[in-house]
Amino acid sequence: MRRRLRAIPVFKNVRAAEFREKDLPDNPLPVIADWILAAHAAGQPEPHAMSLCTVGPTGVPSSRVLIVKDIDDRHLYFATPAGSRKGLEIATNPHVAAHFHWPATGQQIRIVGTAAGQGREASERDFAERGRGSQLAAHLHRPGPLTDRRSALAEFERLGAVHPGEVPCPPDWTLYAISPTEVEFWEASADRVHHRIVYRRDATAGADGWAHELMWP
Ligand SMILES: Cc1cc2nc3c(=O)[nH]c(=O)nc-3n(C[C@H](O)[C@H](O)[C@H](O)COP(=O)(O)O)c2cc1C
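Thresholds, definitions, all that
- Residues numbered from 1 in each chain as written.
- Predicted model: local features only at pLDDT ≥ 70, side-chain atom pairs only at ≥ 80, totals over all residues.
- Heavy atoms only, no water.
- UniProt positions renumbered as here; feature names shortened; annotations may be inferred.
- Helix = DSSP H or I, 4+ residues; strand = E, 2+ residues; numbered from the N terminus.
- Buried < 20%, exposed > 50% of the residue type's maximum accessible area, 1.4 Å probe, protein only.
- Lys, Arg positive; Asp, Glu negative; His and termini not counted.
- Charge placed at Lys NZ, Arg CZ, Asp CG, Glu CD.
- Phe/Tyr/Trp six-rings, centres within 6.5 Å; stacked < 30°, edge-to-face > 60°.
- Pairing = 2+ DSSP bridges.
- Near = heavy atom within 4 Å.
- Polar contact = N/O pair within 3.5 Å; in protein donor to acceptor, adjacent residues only side chain to side chain.
- Areas by Shrake-Rupley, 256 points an atom, 1.4 Å probe, with all protein chains shown as cover.
- Nonpolar A, V, L, I, M, F, W, Y, C, P; charged D, E, K, R; others polar.

Per an unreviewed UniProt entry, the chain carries the name Pyridoxamine 5'-phosphate oxidase and comes from Streptomyces thermospinosisporus. Looking at the Cofactor (unreviewed entry) heading of the UniProt record, one finds this comment for the chain: "FMN". The heading Sequence similarities (unreviewed entry) in the UniProt record of the chain holds the text "Belongs to the pyridoxamine 5'-phosphate oxidase family."

Spelled out as structure tokens, the structure:
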């Protein structure tokens, strides 16, 4: 296995384009959006899929992939049931880490911050924009194990029959916003001296202030 893993190439899509740190804006959030769109344009499937790491009450972390639903100048948004493991962990510890990796562009972004639910109205608006299958599936979330997959399929079908038109938003469906305090942009370079820039919230520059610096690869 070791030999086979080591034979798999990395950084196959390293771009010739120069990473110009001097062109980076003061606020890193729009750059996250730009990089997602650039990965999409380069053919990266699901470029808006992001890993989210939360921390449980005993300090043990857990991560999973989520779809980013929106990005504005201060937040990244995702939606999930508040009663899910990640939702429960955020409720007791809002500190999260998130991560994107796009092989198509040889780029990654790491994010550290806090997550918070955005209230009923915003959560219902998110739910209303989801596809019907995804809306019905959101009603399948239950705590604990499933004894038989057929039960979930039957429940999915039953829900579809009960709600032939509009699917109501489950009470714990929640839109969350991540407020980043640290964002790291990383881009592979053909010469292996990879680019790395870290943005950190800068309290001296006001509530929306950021400072960024170049890091060793
Ligand atoms: C590509 C991809 C996208 C996903 N998007 C979401 C999502 O937007 N919301 C969500 O709750 N789960 C999503 N999931 C499922 C989560 O990764 C996870 O399995 C689920 O939310 C349960 O996580 P938890 O038990 O840690 O809370 C996605 C999984 C994949 C692979």
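**Student:** Could you clarify how one ought to interpret the overall build of the chain in this entry?
**Tutor:** The helix and strand tally for the chain stands at 6 helices and 9 strands. On the principal axes, the C-alpha backbone points of the chain span a range of 60 × 50 × 35 Å. Buried positions account for 39% of the 217 residues belonging to the chain. Side chains of the chain give 26 positive and 26 negative charges; the mean places of these two sets differ by 10 Å.

**Student:** Explanation requested: the packing of aromatic side chains in the structure shown.
**Tutor:** What describes a pair of aromatic rings is the distance from one ring centre to the other and the angle between the planes of the rings. Under the counting rule described, the total for this entry stands at 8 aromatic pairs. Taking 5.2 Å as the distance between ring centres and 10 degrees as the angle between the ring planes, the aromatic pair formed by Phe 78 and Tyr 176 counts as stacked. Linking Phe 78 in strand β4 (residues 76–81) with Tyr 176 in strand β7 (residues 173–187), this pair joins segments that are 98 residues apart in sequence. Like Phe 78, the residue Tyr 176 is buried in the burial classification. A centroid spacing of 5.6 Å and a plane angle of 75 degrees characterise the contact between Phe 185 and Tyr 199, whose relative ring orientation is edge-to-face. With Phe 185 in strand β7 and Tyr 199 in strand β8 (residues 195–201), this residue pair connects regions lying 14 residues apart in the sequence. For Phe 185, a relative accessible area of 0% translates into the label buried. An aromatic cluster of at least three residues, connected via ring pairs, comprises Trp 35, Phe 100, Trp 102, Phe 185, Tyr 199 and Trp 210.

**Student:** What should I look at first to understand the pairing of strand β2 (residues 61–67) in this one?
**Tutor:** In regular strands, side chains alternate between the two faces of the sheet. Side chains Ser 62, Arg 64 and Leu 66 of β2 all project onto a buried face; the interleaved residues Pro 61, Ser 63, Val 65 and Ile 67 project onto a face where none is buried. Here strand β1 (residues 49–55) folds back onto β2, and the loop between the two strands holds 5 residues, one of which, Gly 59, carries a positive phi near 90 degrees.

**Student:** Would you mind going over the site of the ligand with me for this structure?
**Tutor:** Near the ligand, the surroundings consist of Glu 46, Arg 64, Val 65, Leu 66, Ile 67, Ala 79, Thr 80, Ser 84, Arg 85 and Lys 86. Within the backbone of Val 65, a nitrogen or oxygen atom sits 2.6 Å from an oxygen atom of the ligand. The backbone of Arg 85 places a nitrogen or oxygen atom 3.2 Å from an oxygen atom of the ligand. Within the complex, 60% of the 620 Å² of free accessible area of the ligand lies under protein. Listing elements by their share of the shell around the ligand, those giving two or more residues are β2, β4 and α3 (85–92). Looking at which element gives the most residues to the shell around the ligand, the answer is β2, with 4 residues. Of the residues in the shell around the ligand, the class split is 4 nonpolar, 2 polar and 4 charged.

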